[in-house]
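Notes for the structure review
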Amino acid sequence: MNDFDSTDVNMDRFLTVAEAAELLKVSAADVHELIDSGELHGFRVGKRGPWRIQHDVLDQFVMDQHELARRSALWNSSLSSASNITEL
């Protein structure tokens with residue numbers, strides 16, 4: 001069995017915008033914005049065809065977003081700790 005035989009969204013190599021949106025629990029418009037901004041890498045099938053997102057790219061995007069959120073939380077925590085020290 002190859003990638004093209006799979007019908008399971010979670011197993012397909014390439015996702016449609018709608019499938020990516022479903023996995024991310026956002027709208028298709030949100031996925032288009034991520035692609036347009038360059039935050040999420042996708043490609044068109046043909047010159048004007050529909051967008052496709054490689055499943056591995058979407059997985060990496062999610063992991064990157066988790067890392068950004070983790071770093072942001074740490075940064076905000078350190079700022080909060082620093083402001084508590086200066087108040088003493």
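The structure we're discussing is the one just above.
Overview of the structure.

Enumeration according to the criterion identifies two salt bridges in this entry. Here Arg70 makes a salt bridge to Glu67, at a shortest N to O gap of 2.7 Å. Of the two residues, Arg70 and Glu67 are both situated in helix H3 (residues 55-87); the distance of three residues between them amounts to about one turn of the helix. Residue Glu67 pairs with Arg71 through a salt bridge whose shortest N-O separation is 2.8 Å. You can see Glu67 and its partner Arg71 sitting in helix H3, four residues apart, about one turn around the helix. Overall, Glu67 belongs to the partly exposed group, its relative accessible area being 27%.

Turning next to the sheet that holds strand S1 (residues 14-16). Spatially, S1-S3-S2 is the arrangement adopted by the three strands of the open sheet, whose pairing is antiparallel. Looking along the sheet, the strands with just one partner apiece sit at the ends: S1 and strand S2 (43-44). Here S1 runs beside strand S3 (residues 51-54); their pairing, made up of three bridges, is antiparallel. Paired with Thr16 across the two strands is Arg52, which belongs to S3. Where helix H1 (residues 17-24) meets the sheet, it contacts S1 and S3, and its direction lies at approximately 90 degrees from that of S1.

Procedures and definitions
- Counting from 1, residues in each chain are numbered in the order their sequence is written.
- With pLDDT at 70 or above as the cut-off, local features in this predicted model cover only qualifying residues; side-chain atom pairs require 80 or more to be listed or tallied, and sums for whole chains, interfaces and linings still use all residues.
- Side-chain metrics rest on all non-hydrogen atoms present in the structure, leaving aside hydrogens and water.
- Any Lys or Arg side-chain nitrogen located within 4 Å of an Asp or Glu carboxyl oxygen qualifies as a salt bridge.
- Only DSSP runs of H or I covering at least 4 residues are called helices, and only runs of E covering at least 2 are called strands; the numbering of each starts at the N terminus.
- Type-normalised accessible area, obtained with a 1.4 Å probe on protein chains alone, sets the label of each residue: buried when under 20%, exposed when over 50%, and partly exposed for intermediate values.
- Strands qualify as paired when DSSP identifies two bridges or more between them.
- Contacts were defined at the residue level, with two residues in contact if any of their heavy atoms lie within 4.5 Å.
- In this description, a line fitted to the C-alpha atoms serves as the axis of each element, helices being fitted only across the stretch in contact, and the angle between N-to-C directions of two axes falls anywhere from 0 to 180 degrees.

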